[in-house]
Amino acid sequence: MSHRVLSGCRATGRLHLGNYLGGVKGMIELQNNPNYETFYMVADAHAITTPFSVNELRQDRREIIIDYLAAGLDPKKSTLFIQSQVSEHFELSFYFSSIETIARMMHLPTYKDKVKQYPKNNTMALLNYPILMAADILLYKADLVPVGIDQEPHLEVAREIARKMNQIYGTKFPEPKRFATKGEYIPSLTGEGKMSKSIEGSYINLTDSFDEIRKKIRAVPTATVSGGPITGGIKTLFIFAEIFLPPNLYQEFKEKYHNQSLKFVALKDTLSEAIYQELKPFQEKRKQIAANLNYVEKIIKEGAEKAKIVAQKTLKEVKEKMGLN
Ligand code: TRP
(Lines give C-alpha, C1' and ligand atoms only; values in the text may rest on other atoms or scores of the structure.)
Protein backbone atom coordinates (compact mmCIF):
# COMPACT_ATOMS: atom_id res chain seq x y z
CA MET A 1 0.00 0.00 0.00
CA SER A 2 1.24 3.46 -0.80
CA HIS A 3 1.68 5.90 2.04
CA ARG A 4 -0.87 8.56 2.73
CA VAL A 5 -0.30 12.17 3.62
CA LEU A 6 -2.77 14.60 5.15
CA SER A 7 -2.35 18.22 6.03
CA GLY A 8 -4.35 21.38 6.31
CA CYS A 9 -4.32 25.03 7.21
CA ARG A 10 -6.74 26.69 9.59
CA ALA A 11 -9.16 28.90 7.68
CA THR A 12 -8.39 32.09 9.57
CA GLY A 13 -7.56 34.59 6.85
CA ARG A 14 -5.54 33.91 3.76
CA LEU A 15 -2.23 32.07 3.84
CA HIS A 16 0.88 33.95 4.90
CA LEU A 17 4.57 33.33 4.38
CA GLY A 18 4.81 31.14 7.49
CA ASN A 19 2.05 28.77 6.30
CA TYR A 20 3.67 28.65 2.90
CA LEU A 21 7.19 27.81 4.06
CA GLY A 22 6.29 25.60 7.01
CA GLY A 23 3.37 23.74 5.50
CA VAL A 24 2.53 24.24 1.85
CA LYS A 25 6.07 23.71 0.55
CA GLY A 26 6.21 20.32 2.24
CA MET A 27 2.75 19.53 0.92
CA ILE A 28 3.94 20.20 -2.62
CA GLU A 29 7.10 18.14 -2.17
CA LEU A 30 5.09 15.10 -1.05
CA GLN A 31 2.45 15.57 -3.72
CA ASN A 32 5.18 15.28 -6.34
CA ASN A 33 6.56 12.07 -4.84
CA PRO A 34 4.78 9.12 -6.49
CA ASN A 35 5.06 7.04 -3.31
CA TYR A 36 2.49 9.19 -1.56
CA GLU A 37 -1.21 9.68 -1.90
CA THR A 38 -1.88 13.21 -0.69
CA PHE A 39 -4.95 14.77 0.96
CA TYR A 40 -4.91 18.48 1.69
CA MET A 41 -7.77 20.27 3.34
CA VAL A 42 -8.87 23.66 4.55
CA ALA A 43 -9.52 23.27 8.27
CA ASP A 44 -12.62 25.46 8.46
CA ALA A 45 -14.05 23.72 11.52
CA HIS A 46 -10.83 24.38 13.38
CA ALA A 47 -11.35 28.08 12.60
CA ILE A 48 -14.50 28.18 14.73
CA THR A 49 -12.59 27.16 17.86
CA THR A 50 -11.58 30.80 18.35
CA PRO A 51 -13.68 33.94 17.70
CA PHE A 52 -14.45 34.32 13.98
CA SER A 53 -16.59 36.21 11.51
CA VAL A 54 -19.12 34.19 9.51
CA ASN A 55 -18.64 36.22 6.35
CA GLU A 56 -14.88 36.06 6.50
CA LEU A 57 -14.89 32.33 7.15
CA ARG A 58 -17.16 31.79 4.16
CA GLN A 59 -14.67 33.64 1.94
CA ASP A 60 -11.48 32.32 3.50
CA ARG A 61 -12.41 28.71 2.81
CA ARG A 62 -12.38 29.31 -0.93
CA GLU A 63 -9.47 31.76 -0.83
CA ILE A 64 -7.24 29.14 0.78
CA ILE A 65 -8.13 26.60 -1.90
CA ILE A 66 -7.09 29.27 -4.43
CA ASP A 67 -3.86 29.82 -2.48
CA TYR A 68 -3.20 26.06 -2.57
CA LEU A 69 -3.73 25.92 -6.32
CA ALA A 70 -1.59 28.99 -6.98
CA ALA A 71 1.22 27.61 -4.82
CA GLY A 72 1.35 24.48 -6.95
CA LEU A 73 -0.98 21.95 -5.38
CA ASP A 74 -2.43 20.03 -8.27
CA PRO A 75 -5.92 18.52 -8.08
CA LYS A 76 -4.79 15.80 -10.47
CA LYS A 77 -2.23 14.65 -7.91
CA SER A 78 -3.76 15.70 -4.57
CA THR A 79 -7.25 15.58 -3.13
CA LEU A 80 -8.01 19.18 -2.16
CA PHE A 81 -11.06 19.63 0.05
CA ILE A 82 -12.83 21.59 2.73
CA GLN A 83 -12.95 19.80 6.08
CA SER A 84 -16.57 20.52 7.04
CA GLN A 85 -17.80 19.13 3.71
CA VAL A 86 -16.61 15.70 4.85
CA SER A 87 -18.71 15.27 7.98
CA GLU A 88 -16.99 11.96 8.80
CA HIS A 89 -14.27 14.08 10.47
CA PHE A 90 -16.69 15.10 13.22
CA GLU A 91 -18.11 11.66 13.73
CA LEU A 92 -14.67 10.10 14.12
CA SER A 93 -13.59 12.90 16.41
CA PHE A 94 -16.49 12.13 18.76
CA TYR A 95 -15.53 8.47 18.93
CA PHE A 96 -11.92 9.45 19.63
CA SER A 97 -13.00 11.79 22.41
CA SER A 98 -14.17 8.74 24.36
CA ILE A 99 -10.57 7.59 24.87
CA GLU A 100 -8.96 10.95 25.59
CA THR A 101 -8.99 12.66 28.97
CA ILE A 102 -9.91 16.24 29.73
CA ALA A 103 -6.76 16.61 31.85
CA ARG A 104 -4.49 15.65 28.95
CA MET A 105 -6.17 18.17 26.65
CA MET A 106 -6.02 20.96 29.23
CA HIS A 107 -2.28 20.58 29.60
CA LEU A 108 -1.41 21.17 25.95
CA PRO A 109 0.61 24.34 25.41
CA THR A 110 -1.43 25.23 22.32
CA TYR A 111 -4.64 25.12 24.35
CA LYS A 112 -3.19 27.19 27.17
CA ASP A 113 -1.94 29.81 24.72
CA LYS A 114 -5.36 30.19 23.11
CA VAL A 115 -7.11 30.46 26.46
CA LYS A 116 -4.68 33.20 27.41
CA GLN A 117 -5.30 34.95 24.10
CA TYR A 118 -9.13 34.60 24.27
CA PRO A 119 -10.04 34.15 27.95
CA LYS A 120 -13.77 34.54 27.23
CA ASN A 121 -13.77 31.76 24.64
CA ASN A 122 -12.59 28.77 26.58
CA THR A 123 -14.99 26.46 24.75
CA MET A 124 -15.44 22.72 24.38
CA ALA A 125 -14.53 23.11 20.71
CA LEU A 126 -11.19 24.63 21.68
CA LEU A 127 -10.50 21.83 24.13
CA ASN A 128 -11.39 19.32 21.41
CA TYR A 129 -9.13 20.93 18.79
CA PRO A 130 -6.41 18.24 18.95
CA ILE A 131 -8.95 15.42 18.87
CA LEU A 132 -10.50 16.79 15.71
CA MET A 133 -7.03 17.14 14.25
CA ALA A 134 -6.27 13.50 15.11
CA ALA A 135 -9.50 12.53 13.34
CA ASP A 136 -8.49 14.61 10.28
CA ILE A 137 -5.27 12.64 10.01
CA LEU A 138 -6.37 9.15 11.02
CA LEU A 139 -9.53 9.18 8.92
CA TYR A 140 -7.16 8.88 5.94
CA LYS A 141 -4.74 6.60 7.83
CA ALA A 142 -2.07 9.15 6.97
CA ASP A 143 1.38 8.38 8.30
CA LEU A 144 3.03 11.62 7.24
CA VAL A 145 1.89 15.15 8.06
CA PRO A 146 3.68 18.18 6.59
CA VAL A 147 3.21 20.94 9.20
CA GLY A 148 5.29 23.42 11.19
CA ILE A 149 7.09 22.38 14.34
CA ASP A 150 4.51 24.15 16.54
CA GLN A 151 2.07 21.34 15.63
CA GLU A 152 4.24 18.61 17.19
CA PRO A 153 2.18 18.44 20.43
CA HIS A 154 -0.93 17.82 18.34
CA LEU A 155 0.79 15.06 16.41
CA GLU A 156 1.79 13.46 19.68
CA VAL A 157 -1.90 13.38 20.62
CA ALA A 158 -2.76 11.83 17.26
CA ARG A 159 -0.15 9.10 17.83
CA GLU A 160 -1.48 8.41 21.31
CA ILE A 161 -5.02 8.13 19.98
CA ALA A 162 -3.88 5.78 17.20
CA ARG A 163 -2.08 3.56 19.72
CA LYS A 164 -4.97 3.50 22.15
CA MET A 165 -7.58 2.79 19.47
CA ASN A 166 -5.43 -0.05 18.13
CA GLN A 167 -4.94 -1.49 21.63
CA ILE A 168 -8.50 -1.19 22.84
CA TYR A 169 -10.48 -1.85 19.66
CA GLY A 170 -8.01 -3.58 17.34
CA THR A 171 -8.10 -0.87 14.67
CA LYS A 172 -5.06 -0.51 12.42
CA PHE A 173 -4.21 3.17 12.57
CA PRO A 174 -0.63 4.17 11.71
CA GLU A 175 1.21 6.52 14.08
CA PRO A 176 1.56 9.70 12.03
CA LYS A 177 4.90 11.51 11.88
CA ARG A 178 5.63 15.10 11.04
CA PHE A 179 7.28 15.86 7.72
CA ALA A 180 9.62 18.80 8.32
CA THR A 181 10.76 21.42 5.82
CA LYS A 182 13.59 23.88 6.23
CA GLY A 183 11.03 26.62 6.85
CA GLU A 184 9.41 24.74 9.70
CA TYR A 185 9.71 27.66 12.08
CA ILE A 186 9.08 31.06 10.58
CA PRO A 187 9.54 33.78 13.17
CA SER A 188 7.34 36.85 13.59
CA LEU A 189 8.31 40.17 12.02
CA THR A 190 7.97 41.61 15.51
CA GLY A 191 10.97 39.54 16.60
CA GLU A 192 8.94 37.64 19.20
CA GLY A 193 7.34 34.24 18.67
CA LYS A 194 6.20 32.80 15.36
CA MET A 195 4.62 34.40 12.33
CA SER A 196 0.89 34.19 12.97
CA LYS A 197 -2.29 35.49 11.42
CA SER A 198 -3.68 36.31 14.80
CA ILE A 199 -0.77 38.64 15.65
CA GLU A 200 -0.97 41.98 13.83
CA GLY A 201 2.31 43.12 12.30
CA SER A 202 3.82 39.63 12.51
CA TYR A 203 3.30 38.35 8.98
CA ILE A 204 3.80 38.80 5.25
CA ASN A 205 0.81 37.88 3.09
CA LEU A 206 1.51 35.80 0.02
CA THR A 207 -0.24 38.50 -2.00
CA ASP A 208 1.70 41.47 -0.59
CA SER A 209 3.22 43.80 -3.19
CA PHE A 210 6.93 44.58 -3.22
CA ASP A 211 6.25 47.90 -1.48
CA GLU A 212 4.19 46.24 1.24
CA ILE A 213 6.89 43.64 1.83
CA ARG A 214 9.60 46.29 1.97
CA LYS A 215 7.59 48.38 4.40
CA LYS A 216 7.02 45.38 6.68
CA ILE A 217 10.62 44.17 6.54
CA ARG A 218 11.94 47.66 7.19
CA ALA A 219 9.76 47.77 10.31
CA VAL A 220 11.40 44.66 11.82
CA PRO A 221 13.02 45.95 15.03
CA THR A 222 16.82 45.84 15.06
CA ALA A 223 19.57 47.39 17.13
CA THR A 224 21.14 50.61 15.86
CA VAL A 225 24.55 49.00 15.45
CA SER A 226 25.43 45.49 14.38
CA GLY A 227 27.46 42.89 16.28
CA GLY A 228 26.55 41.00 19.45
CA PRO A 229 24.20 38.05 19.92
CA ILE A 230 21.60 37.44 17.21
CA THR A 231 18.21 37.74 18.90
CA GLY A 232 14.74 39.20 18.37
CA GLY A 233 14.16 41.00 15.07
CA ILE A 234 17.75 40.46 13.99
CA LYS A 235 17.26 36.75 14.36
CA THR A 236 14.11 36.96 12.25
CA LEU A 237 16.08 38.70 9.49
CA PHE A 238 18.86 36.12 9.53
CA ILE A 239 16.40 33.23 9.45
CA PHE A 240 14.85 34.81 6.35
CA ALA A 241 18.33 35.41 4.91
CA GLU A 242 19.17 31.73 5.30
CA ILE A 243 15.96 30.70 3.55
CA PHE A 244 15.79 33.29 0.79
CA LEU A 245 19.35 34.31 -0.07
CA PRO A 246 22.07 32.31 -1.84
CA PRO A 247 24.41 30.78 0.81
CA ASN A 248 27.39 33.00 -0.05
CA LEU A 249 25.32 36.19 0.28
CA TYR A 250 23.88 34.95 3.57
CA GLN A 251 27.43 34.33 4.87
CA GLU A 252 28.55 37.75 3.70
CA PHE A 253 25.76 39.51 5.61
CA LYS A 254 26.52 37.44 8.68
CA GLU A 255 30.21 38.32 8.59
CA LYS A 256 29.38 41.98 8.17
CA TYR A 257 27.07 41.75 11.15
CA HIS A 258 29.79 40.26 13.31
CA ASN A 259 32.45 42.74 12.26
CA GLN A 260 29.93 45.52 12.86
CA SER A 261 29.90 46.87 9.33
CA LEU A 262 26.38 45.75 8.46
CA LYS A 263 23.79 48.34 7.49
CA PHE A 264 20.48 46.76 8.46
CA VAL A 265 18.61 48.55 5.70
CA ALA A 266 20.84 46.90 3.08
CA LEU A 267 20.07 43.45 4.48
CA LYS A 268 16.38 44.33 4.77
CA ASP A 269 16.00 45.58 1.21
CA THR A 270 17.91 42.61 -0.21
CA LEU A 271 15.57 40.33 1.70
CA SER A 272 12.44 42.16 0.55
CA GLU A 273 13.52 41.75 -3.05
CA ALA A 274 14.29 38.04 -2.60
CA ILE A 275 10.98 37.37 -0.84
CA TYR A 276 9.08 39.24 -3.53
CA GLN A 277 10.84 37.27 -6.28
CA GLU A 278 9.77 34.04 -4.58
CA LEU A 279 6.15 35.22 -4.34
CA LYS A 280 5.77 36.81 -7.77
CA PRO A 281 5.01 33.63 -9.77
CA PHE A 282 2.52 32.64 -7.06
CA GLN A 283 0.79 36.02 -7.30
CA GLU A 284 0.52 35.86 -11.09
CA LYS A 285 -0.91 32.36 -11.02
CA ARG A 286 -3.31 33.31 -8.25
CA LYS A 287 -4.83 36.09 -10.34
CA GLN A 288 -5.55 33.69 -13.19
CA ILE A 289 -7.14 31.09 -10.91
CA ALA A 290 -9.23 33.63 -9.00
CA ALA A 291 -10.67 34.78 -12.33
CA ASN A 292 -12.10 31.31 -12.89
CA LEU A 293 -14.31 30.59 -9.90
CA ASN A 294 -16.27 27.88 -11.67
CA TYR A 295 -13.08 25.89 -11.92
CA VAL A 296 -12.35 26.45 -8.23
CA GLU A 297 -15.86 25.36 -7.21
CA LYS A 298 -15.50 22.23 -9.29
CA ILE A 299 -12.20 21.33 -7.59
CA ILE A 300 -13.80 21.81 -4.18
CA LYS A 301 -16.80 19.63 -5.03
CA GLU A 302 -14.74 16.83 -6.53
CA GLY A 303 -12.26 16.99 -3.66
CA ALA A 304 -14.97 16.36 -1.07
CA GLU A 305 -16.33 13.45 -3.10
CA LYS A 306 -12.90 11.82 -3.33
CA ALA A 307 -12.12 12.40 0.34
CA LYS A 308 -15.45 10.92 1.38
CA ILE A 309 -14.70 7.59 -0.28
CA VAL A 310 -11.70 7.03 1.99
CA ALA A 311 -13.33 8.66 5.02
CA GLN A 312 -16.42 6.47 4.89
CA LYS A 313 -14.36 3.31 4.65
CA THR A 314 -12.33 4.14 7.77
CA LEU A 315 -15.38 5.23 9.69
CA LYS A 316 -17.18 2.01 8.87
CA GLU A 317 -14.25 -0.03 10.18
CA VAL A 318 -14.11 1.98 13.39
CA LYS A 319 -17.84 1.65 14.01
CA GLU A 320 -17.68 -2.09 13.50
CA LYS A 321 -14.77 -2.44 15.93
CA MET A 322 -16.54 -0.29 18.52
CA GLY A 323 -19.86 -2.13 18.30
CA LEU A 324 -21.60 0.81 16.68
CA ASN A 325 -22.60 -0.67 13.33
N1 TRP B 1 -3.71 22.73 13.58
C2 TRP B 1 -3.18 23.03 12.28
C3 TRP B 1 -2.58 24.43 12.30
O4 TRP B 1 -2.92 25.23 13.12
C5 TRP B 1 -4.25 22.95 11.20
C6 TRP B 1 -4.77 21.55 11.05
C7 TRP B 1 -6.02 21.10 11.36
C8 TRP B 1 -4.05 20.43 10.57
N9 TRP B 1 -6.13 19.78 11.09
C10 TRP B 1 -4.94 19.33 10.61
C11 TRP B 1 -2.73 20.26 10.11
C12 TRP B 1 -4.53 18.06 10.21
C13 TRP B 1 -2.33 18.97 9.73
C14 TRP B 1 -3.22 17.89 9.78
O15 TRP B 1 -1.79 24.73 11.46
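The notes below deal with the structure included here. (Residues numbered from 1 in each chain as written. Predicted model: local features only at pLDDT ≥ 70, side-chain atom pairs only at ≥ 80, totals over all residues. Heavy atoms only, no water.)

**Re the site of the ligand**
So, step 1. In the region of the ligand, 14 residues are neighbours, and His46, Tyr129, Met133, Asp136 and Gln151 sit closest.
So, step 2. With respect to the ligand, the side chain of tyrosine 129 contributes an N or O atom lying 2.6 Å from a nitrogen atom.
So, step 3. Take glutamine 151: an N or O atom from its side chain is 2.8 Å from a nitrogen atom of the ligand.
So, step 4. Elements supplying a minimum of two residues to the shell around the ligand: β1 (3-10), β2 (36-43) and α8 (129-138).
So, step 5. Class assignment for the residues of the shell around the ligand results in eight nonpolar, four polar and two charged. (Near = heavy atom within 4 Å. Polar contact = N/O pair within 3.5 Å; in protein donor to acceptor, adjacent residues only side chain to side chain. Helix = DSSP H or I, 4+ residues; strand = E, 2+ residues; numbered from the N terminus. Nonpolar A, V, L, I, M, F, W, Y, C, P; charged D, E, K, R; others polar.)

**A word on the nonpolar core**
Side chains that are nonpolar tend, in soluble globular proteins, to be buried together.
So, step 1. Ranked by internal contacts, the top residues of the largest apolar core, which has 60 residues, are Leu17, Tyr68, Phe238, Phe240, Leu267 and Ile275.
So, step 2. The element that contributes the greatest number of residues to this core is helix α13 (residues 264-290), accounting for nine residues.
So, step 3. For phenylalanine 238, the contacting residues outside a window of four places in its chain are Ile230, Tyr250, Phe253, Lys254, Tyr257, Leu262 and Leu267.
So, step 4. Within the second largest apolar cluster, 41 residues are counted, among which are Leu6, Leu138, Ala158 and Val310. (Core = buried A, V, L, I, M, F, W, Y, C linked by side-chain atoms within 4.5 Å. Buried < 20%, exposed > 50% of the residue type's maximum accessible area, 1.4 Å probe, protein only. Contact = heavy atoms within 4.5 Å.)

**Some remarks on the layout of surface pockets**
So, step 1. One number sums up the size of the second largest pocket: a volume of about 180 Å³.
So, step 2. Of all elements in the fold, only α2 (44-47), α4 (88-97) and α8 reach the threshold of two or more residues within the lining of the second largest pocket.
So, step 3. The leading source of residues in the lining of the second largest pocket is α4, at four residues.
So, step 4. Looking at the lining of the second largest pocket residue by residue, the classes come out as seven nonpolar, five polar and no charged. (1 Å grid on protein atoms, 1.4 Å probe; cavity = no way out; pocket = protein on both sides within 12 Å on 5 of 7 lines; lining within 4 Å. Points joined across faces, edges and corners; volume = space filled by probe spheres on them.)

**Observations regarding unusual backbone geometry**
So, step 1. At lysine 141, a position not held by glycine, the phi torsion is positive, near 50°.
So, step 2. Inspection of the secondary structure puts lysine 141 in the loop between α8 and β4 (144-146).
So, step 3. For glutamine 260, which is not glycine, the phi torsion reads 65° and is therefore positive.
So, step 4. Mapped onto the elements of the fold, glutamine 260 is located in the loop between α12 (247-258) and α13.
So, step 5. Judged by its relative accessible area of 59%, glutamine 260 is exposed.

**A word on the pairing of β1**
So, step 1. Most of β1 is tucked away: six of the eight residues are buried.
So, step 2. The pairing of β1 with β2 spans eight bridges and is parallel. For arginine 10, the partnering residue across the bridge sits in β2 and is alanine 43.
So, step 3. Once you follow β1 into helix α1 (residues 17-31) and on to β2, the crossover reads as right-handed. (Pairing = 2+ DSSP bridges. Right-handed = clockwise from strand over helix to strand, strands pointing away.)

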